[in-house]
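Coordinate analysis (summary)
If you want the building blocks of each chain, they are given just below.
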Amino acid sequence: MKVGLFIPCYINAVYPQVGVASFKLLKSLGVDVDYPLDQTCCGQPMANAGFENESVELAKRFDRLFEQYDYIVGPSASCVVFVRDHYGNLLAKESHRCASEEKIYDICEFIHDVVKPTSLKASFPHKVSIQNSCHGVRLMHLSSPSELNIPYYNKLRDLLSLVKDIEVVEPERPDECCGFGGMFAVEEHAVSGQMGRDKVQRHIDTGAEYIVGADSSCLMHQNGIISRDKLPIKTIHIVEVLAAGL
Amino acid sequence: MSSREDILQNIRRNTRVRYEKPDLSTLEKEAITYADPVAQFCKTVGEVGGHVVEVKPGEDVNVLIHNLYPDAKRIASNLKEITCATFHPDDVASSAELDGTDLAVVRGRVGVCENGAVWIEQDVEQRAVYFISEALILLLDRKNLVNNMHEAYQEIDTGEYGYGVFISGPSKTADIEQALVLGAHGARELTVLLF
Amino acid sequence: MSTKHSKAAEKFQENRELAAWHDQTLWMMRAKRDKMSREVPEWEHLRDMASAIKMYSNSHLDQLLQEFEKNAQANGAHVYWAKDADEYCSIIYNILHGHNVHHFIKSKSMLAEECGLNEFLMQKGIDVVESDLGERILQLMHKKPSHIVVPAIHIKKEEIGELFVKEMGTEPGNNDQTYLTHAARKNLRHKFIEAEAAMTGANFAVASTGEFVVCTNEGNADMGTSQPKLQIAAFGLEKIVPDREALGVFTRLLARSGTGQPITTYTSHYRKPRKGGELHIIIVDNGRSNILADQEHVKTLNCLRCGACMNTCPVYRRSGGYSYTYFIPGPIGINLGMLKAPLHYYDNVSACSLCYSCQNVCPAKVDLADQIYRWRQKLDGLGVASSSKRVMSGGMKVLMEHPGLFNFALGHASWVNSFPRVMVYNGMNDWGKEHDMPQFAKESFNDMWKKGKVK
């Protein structure tokens, strides 16, 4: 089982430690993981802004780059699900069969559903509040969406429960959007900013020290709010928690 | 060409895939049921702002109504057994005369446990009586309780007058700042007498 | 980078207190909806069936509408077909004029809003009175609804109190909701009684029986139609359902989804005219039959107009109904506006973070967010895409298609500083209004990997 690590552009640029933690975590679980060089962006920002066609070349590159791997695993639910849900359609226009969509996983999903560890070495003696991201919840099914009448589950919580000394909570309105939404955050900045402030406040209200999530984009947005408003909470990517001490 | 033909032609031209009519029988079979329908019905009617009074065997319904609404002066009913009624709703010259009715007592045909709704099949000419009175009493036989709307629609009809209504609790609105207020236009109070 | 929606939303957010109240109040409706849906174990199956019935009925409109017409006529109703808003308004006017109607009482109808009925009739000298409390408040204030189910949600009780002092002679300063509601009850009671004709929309029209169903909480539809002997009902042609069995599905979903009630207080079934009266039914197209041909957006015709997508939409709750340029706001309004006239209503397409919550609450499973995503792809072709977003996307494309350039950008301090500028371009200031900029790492993951630092 050969896994190609997918590092989205903003993790590459802003949160490389999330990439490092992802690699370490997968390796510690005995996964044969490699990082194909020259990755850039999955194309989601352009597509969500209405310029899907700008993403076609990127989709082709991406598909080629990960050709040789059995699995593609990335630490960003939103980017991963963009590949999964849209690449087939984007590449159909190019009469190119997309191979990525069936083998790409968010790292939490991959560890939870494929690797299925029963224990982790990590210890994280802090209270954390889960950031259930929209695309993680509603497109990738990492947890039961609050709107649906289905039994509760949460793959992030399941994984975090393997970490020693941690306390895990979820905020009120557990999966309301934090307001990032790519270029939405710029175009609709007033609403986006308010959504972000509301979200961060609900995380703070749980008494947590950290907001922990599987999408760095949501965390980046909330971090910008925290820093601007000097709020008493920090953000951390879930793989950094799961890989704590490695 | 008439608009009717225009519209129908446009529909035919634009209809792409024709989807099959779904079979609802599985849903209807698995739809919610209640072990104690009377208890559930009482609970739901309460939740929608009304209340249910279970009539004991042999109890005088007119005494009961008087005890429930001692101040009601103008009482409308088309039901023979409601001797406390002061007039028959069809004895008025126009529906406007029904304004100022304190209480109307009418028959409910089916009660729905999942939502507290009671089906009324129009059985008087002045159907305004169901809405215009300050308080409404619905007489309902507990044998006519059904679990859910799927079952209810098997039982109901609109009858000779061609009108029927499910009423679930008193009239209400939350149009001012989402504050719930009973008695928007219809009855302010609703009581189901369950026989 | 802004749209009419984003500008109006920014203005809405200026009154922080009101905006927070608006968000919280509509969220309560969403929370009630969640609670109600959880009391029905077969909820998700119900939604599936509601969607399937709508897919069936909207793909058999020709047959079902004719079946409805035949049955309604057999019941003694007059049936009309209106191609567009003008024809709809004229038919109604002609009926009213032919019966010498001067006082006309109306129950809430979004179709009437869509077609501008009130303005049309008022110009012709007919006194139209809205009987739904929220609609009546708005009518007296000369304002439009900001939500399709709770139309006056944006108005504070103090404003209503002031209005009622003037219009209904209430005590100045008494802004108690119960007091004001009962004042309107008394005031409108006279309007019901003096009306010579009453009109409603319809939530459902049943092909197999020729009846139509109207759902209200106040009882205003029934108060109206049980006074005068002349009754008019009009509905958009997608309101058709095959039979009463289908009503069993929809009546379980509608109020639970919309207001979080197990059913509306009144679910009225009108099948025949009153004794000695007349019943006129108008089937309205106004663009709907064109939507049938658009496979990407045909599911908008599944919509029950319950308002659940507005209540759950984090953008709607924080921007208010008036921030949208189409008369129906929120996720369904974004899509319906684009279907109506994309060049008029494209400003609303920005009002979505693609969180997909709307799709999950929709009782008839309209793929609202997917459709908004598709509309965004079409804006450039319509010539109305945001130029700065195009430049940003184009810039990103160039950067991202050239890993050398991307790596160079990541690896050089001077470029690192300009990287966000490329990413967010002239929108950077707008990001900066709400947040601090993300801090770029000294070393990118690519660099770390190449240097063997990832172990």
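To be clear, the structure that these remarks concern was listed above.
These lines cover the structure that appears in this document, whether it is placed above or below.

Rules and cut-offs
- Counting restarts for each chain, with residues numbered from 1 along the sequence as it is written.
- Labels are handed out in written order, letters beginning with A for the chains and numbers beginning with 1 for the ligands.
- With pLDDT at 70 or above as the cut-off, local features in this predicted model cover only qualifying residues; side-chain atom pairs require 80 or more to be listed or tallied, and sums for whole chains, interfaces and linings still use all residues.
- Note on contacts: residues are paired as contacts if their backbone-placed C-beta atoms lie within 7 Å.
- The way it works is that DSSP assigns letters per residue, a run of H or I at least four long becomes a helix, a run of E at least two long becomes a strand, and they are numbered from the N terminus.
- When residue character is reported, Ala, Val, Leu, Ile, Met, Phe, Trp, Tyr, Cys and Pro are called nonpolar, Asp, Glu, Lys and Arg charged, and the others, Gly included, polar.
- Defined on buried residues, the nonpolar core groups Ala, Val, Leu, Ile, Met, Phe, Trp, Tyr and Cys residues joined through C-beta atoms within 7 Å.
- In this scheme every C-beta is placed from the backbone, and a residue whose C-beta has 20 or more other C-beta atoms within 10 Å is buried, one with 12 or fewer is exposed, and one in between is partly exposed.
- Whether two strands pair comes down to DSSP finding at least two bridges between them.
- The angle between two axes is taken between their N-to-C directions and runs from 0 to 180 degrees, where each axis is a line fitted to C-alpha atoms and a helix contributes only its stretch in contact.
- Small angles under 35 degrees read as roughly parallel and large ones over 145 as roughly antiparallel, with 65 to 115 read as roughly perpendicular and the rest as oblique.

If you look at the interface, chain A gives 58 residues, while chain C gives 63 residues. Looking at the side of chain A that touches chain C, the elements with two or more residues in it are α1 (9-13), α2 (16-28), α3 (44-48), α4 (56-65), α8 (134-139), α10 (184-187), α11 (189-205) and α12 (216-229) of chain A. If one sorts the elements of the side of chain A that touches chain C by residue count, α11(A) sits on top with eight residues. Here the side of chain A that touches chain C is built from residues that sort into 30 nonpolar, 17 polar and 11 charged.

The next point concerns the nonpolar core. Membership of the largest hydrophobic core comes to 285 residues, with the highest contact counts inside it found for Val73(A), Val241(A), Leu242(A), Val105(B), Phe212(C) and Phe250(C). For this core, the element with the highest residue contribution is helix α5 (residues 77-92) of chain A, accounting for nine residues. Those residues within four positions of Phe250(C) in sequence are excluded, and the remaining contacts are Ala50(C), Phe204(C), Val241(C) and Leu304(C).

This part is about the interface of chain B and chain C. Taken together, the 62 residues of chain B in the interface contact 73 residues of chain C. Contributions of two or more residues to the side of chain B that touches chain C are made by α1 (3-14), α2 (25-30), α5 (129-132), α6 (149-155), β8 (163-167) and β9 (172-173) of chain B. Broken down by element, the residue count for the side of chain B that touches chain C peaks at nine residues, all from α1(B). Both β8(B) and strand β9 (residues 266-270) of chain C contribute to a ladder of five bridges, which runs antiparallel. If you follow Tyr163(B) over to β9(C), its bridge partner there is Tyr270(C).

On to the packing of α11(A) against α12(A). Residues and elements named next belong to chain A. The contact between α11 and α12 brings their axes to 9 Å, and the two run at 80°. Classified by the angle between their axes, α11 and α12 sit roughly perpendicular to one another. Contacts between α11 and α12 involve Gly196, Arg197, Lys199 and Val200 on the former and, on the latter, His221, Gln222, Ile225, Ile226 and Asp229.

Working definition: the strands of a sheet are paired by backbone hydrogen bonds and lie parallel or antiparallel to each other. All names here are of chain A. Reading across the sheet, the four strands line up as β6-β5-β7-β8 and stay open at both edges, with parallel pairing between neighbours. Edge strands, defined here as strands with exactly one partner in the open sheet, are β6 (167-169) and β8 (234-237). For this sheet, the mean inter-axis angle between neighbouring strands, taken without regard to orientation, is 35°. Here strand β7 (residues 210-213) runs beside β8; their pairing, made up of four bridges, is parallel. Bridge assignment links glycine 213 to a residue of β8, and that residue is histidine 237.

A few words on unusual backbone geometry. Residues and elements named next belong to chain B. Look at glutamate 177: it is not a glycine, yet its phi comes out positive at around 55°. Looking at the element boundaries, glutamate 177 is found in the loop between β9 and β10 (181-182). Glutamate 177 sits in the partly exposed class, given 18 other C-beta atoms within 10 Å. Positive phi, close to 60°, is recorded for glutamine 178, a residue that is not glycine. For glutamine 178, the position within the fold is in the loop between β9 and β10. On the basis of neighbour counts, which here come to 17 C-beta atoms within 10 Å, the residue glutamine 178 falls in the partly exposed class.

This brings us to the sheet that holds strand β4 (residues 197-200) of chain C. Residues and elements named next belong to chain C. On the basis of which strands lie adjacent, the open sheet formed by six strands has the order β1-β10-β7-β4-β2-β3 and parallel pairing. Taken across any chain shown, the strands that pair with only one partner, and hence form the sheet edges, are β1 (78-82) and β3 (127-130). Across the sheet, the mean angle from the axis of one strand to that of its neighbour is 20°, orientation sign disregarded. Alignment of β4 against strand β7 (residues 230-236), held across three bridges, turns out to be parallel. Within the sheet, the bridge partner assigned to methionine 199 lies in β7 and is isoleucine 232.

Purely spatial values, then, with no claim about function.
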